Amino acid sequence: MTSRDRVLTAIGHREPDRVPIDYAANPGLDGRMKRHFGLDPGDDEGLRRVLGVDFRRVGAPYKGRKLHADVPDRQVDMWGTRRRWVAHETGGYWDYCDFPLSAATIEEIDAWSMPSPDDFDYAAIAAQCRQFGDYCVVAGGAGTGDIINSTGMIRGMEQTLVDLATDEPAGLRYIERKTGIQLEIIRRTLEAGQGAIDMLMLGEDLGTQIAPMISLGLYRRHIRPIQEKFCQLAKAHNIPVMIHCCGSSSWAFEDFIEIGIGVVDTLQPEAKDMAPEYLKQRFGGRLAFHGCISTAGPVATGSVDATVADCRRTLEIMMPGGGYCFSPTHQLQDNSPTENVVAMYETARTAGEYR
């Protein structure tokens with residue numbers, strides 16, 4: 001099977017030749033993996049090929065003007081969010097900070113600079129699709145259509161939850177503006193792909209480790225309608241939708257199914273009602289799964305043998321009848337030993353074969 005055939009067969013709830021494989025890691029671990037396999041630091045494609053990854057991402061590069069001024073000791077992106085470097089004992093990460101729109105009025109939200117859909121190079125999409133040949137080509141990502149998480153990055157998480165609970169006009173206007181721009185970017189991206197894009201990916205963090213982050217009613221009032229617009233767009237292009245959704249989120253899966261989401265990513269097995277057995281029993285045959293290999297589990301904290309055992313157990317539960325793609329729950333972190341990650345992917349390629 002080609003990678004595209006393998007993924008589409010699996011998410012169609014049929015058994016392919018082997019379980020599809022995906023990969024995500026932060027820069028520190030990613031660099032170690034490339035050194036382990038003797039690859040150049042920038043050879044992302046070489047590493048994916050070595051690991052047997054079946055997915056490739058495409059996106060239109062931004063070509064517009066700089067929208068927000070630099071801030072000392074910060075990274076500032078095109079939306080105006082800010083990040084600072086926070087070191088820890090095994091590396092570090094860029095953490096969102098400052099929250100420049102935390103107290104913004106609706107007038108200030110309206111005046112805030114955001115990228116125009118006109119300022120992206122959609123001509124690059126076709127070339128990217130040709131480059132990735134027979135792989136499963138994915139548009140969008142965890143930040144596409146994402147409301148709670150990405151709004152929290154610029155308004156602060158507390159204010160974002162207050163915005164949703166109280167229908168705060170400024171917060172809702174920010175959400176409306178950003179997701180409207182993203183929807184148009186995705187529309188043009190799918191059109192530029194001319195049928196070579198195989199999947200749309202969205203994102204929305206809906207749970208903590210122990211419970212939902214918001215009520216089902218609040219989800220249906222503010223988040224589901226926006227997700228539905230992206231799903232309708234994907235349906236018009238006859239492609240499936242996958243959503244990245246952290247924490248205890250299975251309480252929303254029935255709604256996902258209703259609006260046309262077919263694949264759920266992340267699947268943190270340690271969160272409430274997210275264990276692979278629970279998901280497979282309750283939603284198997286109606287949702288496909290992508291993830292479930294915890295980045296806080298044995299791959300980070302255990303031995304090679306424990307990592308292999310964890311991966312094998314997950315495969316044994318999730319593989320029967322198709323409907324599963326092997327992937328870490330999030331980016332693999334600096335605290336994961338290289339040998340554990342290597343063993344993780346070796347297990348996926350061998351124990352993931354259908355016989």
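Residues numbered from 1 in each chain as written. Predicted model: local features only at pLDDT ≥ 70, side-chain atom pairs only at ≥ 80, totals over all residues. Heavy atoms only, no water.

## Here's the deal with helix 6 (residues 148-155)
So the rule is basically this: With a 1.4 Å probe rolled over the protein chains alone, any residue whose accessible area is under 20% of its type maximum counts as buried; one over 50% counts as exposed, and the rest are partly exposed. Secondary structure counts use DSSP, requiring at least four H or I residues in a row for a helix and at least two E residues in a row for a strand, with both numbered from the N terminus. We call two residues in contact whenever any of their non-hydrogen atoms come within 4.5 Å of each other.
Among the eight residues that make up helix 6, seven are buried, leaving the element largely enclosed by the rest of the structure. Inspection of helix 6 places I148, S150, T151, G152, M153, I154 and R155 among the buried residues, and these make up the whole buried set. Buried-residue contacts for helix 6 involve strand 4 (91-97), helix 4 (106-111), helix 7 (157-166), helix 8 (169-193) and helix 9 (216-236). At the exit of helix 6 stands G156, carrying a positive phi of roughly 90°.

## A short note on unusual backbone geometry
Of note in the backbone geometry, H13 takes a positive phi value of approximately 65° without being a glycine. Even without a glycine there, the phi angle at D273 is positive, about 60°. Locating D273 in the fold gives a position in the loop between strand 8 (263-266) and helix 11 (276-283).

## Thoughts on the pattern of salt bridges
Worth spelling out the cut-off: Salt bridges are defined as contacts in which a side-chain nitrogen from Lys or Arg sits within 4 Å of a carboxyl oxygen from Asp or Glu.
Within the structure shown, the criterion is met by 26 salt bridges. Notably, a salt bridge pairs R4 with D198, separated by 2.9 Å at the nearest N-O pair. Residue R4 is located in helix 1 (residues 3-11), and its partner D198 is located in the loop between helix 8 and strand 6 (199-203); the two are separated by 194 residues in the primary sequence. Here R18 and D54 are joined by a salt bridge, their closest N and O atoms 2.9 Å apart. Of this pair, R18 sits in the loop between helix 1 and helix 2 (27-36) while D54 sits in the loop between helix 3 (44-51) and strand 1 (55-58); the two residues are 36 residues apart in sequence, bridging distant segments of the chain. Here R18 matches D54 in class, with each residue buried. In the salt-bridge network here, residues are joined through shared partners; they are R6, D17, R18 and D54.

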